[in-house]
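Chain residues, written in single-letter form:
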Amino acid sequence: MEAKDAIDIKLIDTHLSAKTKEEALQALSGLLFQESKISDQEAFLKDVYEREAQGQTGIGNFVAIPHGKSPSVTVPAVAIGINDREIPWESLDGKGVRAVILFAVGSDSKAAKEHLKLLALFAKKLGNDQVVARLLQAENPEDVLAAFSL
């Protein structure tokens, strides 16, 4: 499996206009809820914020990979948002974020393995500057898929 295989085009928003981390997470978790990947948006967000409190999810290069293991997850999924401007986010390089990749995984042990597998797939791709550059320039969901296909 590759990162692009875990992407559902209905869970991509290339025109986010969030001004804060909270707005970005609200919008992306809303997509997950709308597509029935999570059963309770507020409970899911609570689990994401608990994980955020443990350490930075901004991995640098204007990218963040927030995630939370949550019993609210009905189907493991990844929601991707490309924001129209840099937003403040705790990150390894001290910069803000424009690309947010929100992972939704369940809280049981099988889901934990799936979670690690997804993170590894995406981390490998996001370590490639060309992939990140294409991602940040994405105008539509197909552009996001193309970026992860490099």
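Residues numbered from 1 in each chain as written. Predicted model: local features only at pLDDT ≥ 70, side-chain atom pairs only at ≥ 80, totals over all residues. Heavy atoms only, no water.

An unreviewed UniProt entry lists the protein chain under the name PTS system, IIA component, with Streptococcus ratti FA-1 = DSM 20564 given as the organism.

**Focus: the packing of aromatic side chains**
In plain terms, the rule: For Phe, Tyr and Trp, rings pair up if their centres lie within 6.5 Å, where Trp contributes its six-membered ring, and each pair is then called stacked (planes under 30 degrees apart), edge-to-face (over 60) or tilted (otherwise). Numbered from the N terminus, helices here are DSSP runs of H or I no shorter than four residues, and strands are runs of E no shorter than two. Residue burial is assigned from relative accessible area. The probe radius is 1.4 Å, only protein chains are included, and a residue is buried under 20% of its type maximum, exposed over 50%, and partly exposed in between.
Enumeration over the complete set of coordinates arrives at two aromatic pairs. Both rings, one in Phe103 and one in Phe122, keep their centres 5.3 Å apart while their planes meet at 85 degrees; by these two values the pair is edge-to-face. Note that Phe103 is positioned in strand S6 (residues 97-105) and Phe122 in helix H3 (residues 109-126), a separation of 19 residues in sequence. Comparing Phe103 with Phe122, the two get one shared label, buried. Judged by centre distance (5.1 Å) and plane angle (70 degrees), the rings of Phe122 and Phe148 are edge-to-face. One end of the pair, Phe122, is in helix H3; the other, Phe148, is in helix H5 (residues 141-148), with 26 residues separating them in the sequence. Here Phe122 falls in the buried class, since its relative accessible area comes to 1%. Residue Phe148 is classed as buried on the basis of its relative accessible area of 0%. Ring pairs connect the aromatic residues Phe103, Phe122 and Phe148, which therefore count as one cluster.

**A closer look at the side chain of Lys125**
Put simply, the rule reads: By the convention used here, residues are in contact when the closest approach between their heavy atoms is within 4.5 Å.
Note that Lys125 resides in helix H3. Judged by its relative accessible area of 14%, Lys125 falls in the buried class. Once you skip the residues sitting within four places of it in the chain, Lys125 turns out to touch Glu2, Ala3, Val131, Phe148, Ser149 and Leu150.

**Details of the pattern of salt bridges**
The condition is simple: Salt bridges are defined as contacts in which a side-chain nitrogen from Lys or Arg sits within 4 Å of a carboxyl oxygen from Asp or Glu.
For the structure on display, the rule yields four salt bridges. We note a salt bridge from Glu90 to Lys21, for which the minimum N-O separation is 2.5 Å. Separated by 69 residues along the polypeptide, Glu90 in the loop between strand S5 (77-87) and S6 and Lys21 in helix H1 (residues 21-34) bring together distant segments of the chain. The partner of Arg85 in a salt bridge is Asp84, and the shortest N-O contact between them spans 3.6 Å.

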